[in-house]
Amino acid sequence: MLEGIKFVSLDDVRRMLDSLSQEEKETLLTEQMKKLSAESRARVLGLSESGLTVITGSFVSLNSDVSINIQNASGFDAEAVFKALVDFRKSERESK
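The residue numbers shown here count from 1 along each chain, following its written sequence. Local features in this predicted model are restricted to residues of pLDDT 70 or higher, and side-chain atom pairs are both shown and tallied only at a pLDDT of 80 or more, whereas totals for entire chains, interfaces and linings draw on every residue. Side-chain measures here rest on the full set of heavy atoms in the structure, leaving out hydrogens and waters.

Colleague: Tell me about the overall build of the protein, and please be specific about residues and values.
Modeller: What counts as a helix is a DSSP run of H or I of at least four residues, what counts as a strand is a run of E of at least two, and both are numbered from the N terminus. For the protein, the helix and strand inventory stands at four helices and two strands. Beginning at the N terminus, the succession of helices and strands in the protein can be written as α-α-α-β-β-α. For the protein, the residues scored as buried account for 11% of the 96 residues in total. Within the protein, contacts between residues at least 6 apart in sequence are counted, and of these 31% link residues at least 24 apart. Within the structure as shown, the protein displays about 8300 Å² of accessible surface, and the carbon and sulfur contribution to it stands at 54%. For every residue, the accessible area (1.4 Å probe, protein chains only) is compared with the maximum for its type, and the residue is labelled buried under 20%, exposed over 50%, or partly exposed between those bounds. Contacts were defined at the residue level, with two residues in contact if any of their heavy atoms lie within 4.5 Å. All accessibility values rest on the Shrake-Rupley procedure with a 1.4 Å probe; residue burial counts only the protein chains present in the view.

Colleague: An account of helix α4 (residues 78–95) is needed here, citing residue identities and associated values.
Modeller: Multiply 1.5 Å by the residue count of a helix minus one, and that product is the helix's expected span. The first and last C-alpha atoms of α4 sit 26 Å apart over 18 residues, in line with the 26 Å expected at 1.5 Å per residue. Listing the buried residues of α4 in full gives L85, V86 and R89. The buried residues of α4 occupy an angular sector of 100° when the element is viewed end-on, so they sit on one face. Opposite its buried face, α4 presents the exposed residues K83, E94 and S95, each directed more than 90 degrees away. Directions pointing from the helix axis toward each C-beta atom define the arc.

Colleague: An account of the pattern of salt bridges is needed here, citing residue identities and associated values.
Modeller: Whenever a carboxyl oxygen of Asp or Glu lies within 4 Å of a side-chain nitrogen of Lys or Arg, that contact is scored as a salt bridge. This structure, assessed with the given rule, holds three salt bridges. A salt bridge links R14 to D11, with the nearest nitrogen and oxygen atoms 3.6 Å apart. One end of the pair is R14 and the other is D11, both in helix α1 (residues 10–18) and three residues apart, which spans about a single turn. One salt bridge connects K83 with D87, and the closest N-O pair in it is separated by 3.1 Å. With K83 and D87 both in helix α4 and four residues apart, this pair spans about one turn of that helix.

Pasting the structure below:
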């Protein structure tokens, strides 16, 4: 009944992903992230416990404490900015 059916394990998928180039991984991950709900994206990016809300736009006021103005710039590392904000929020919560 199952003749000719091949199964792909999670390890097989991991090996295939590991064999992709950096550019291919980025393209694939970008496509997949777009398919996730906002809540899922926040969890994947480590922002779910940060108290931050991610909104796209040229000027973003996250709350009365944090405002971000991001313009197209070469070498800008958005991940580093968000990681720094997450770390800041965590340290503020722990100090209270």
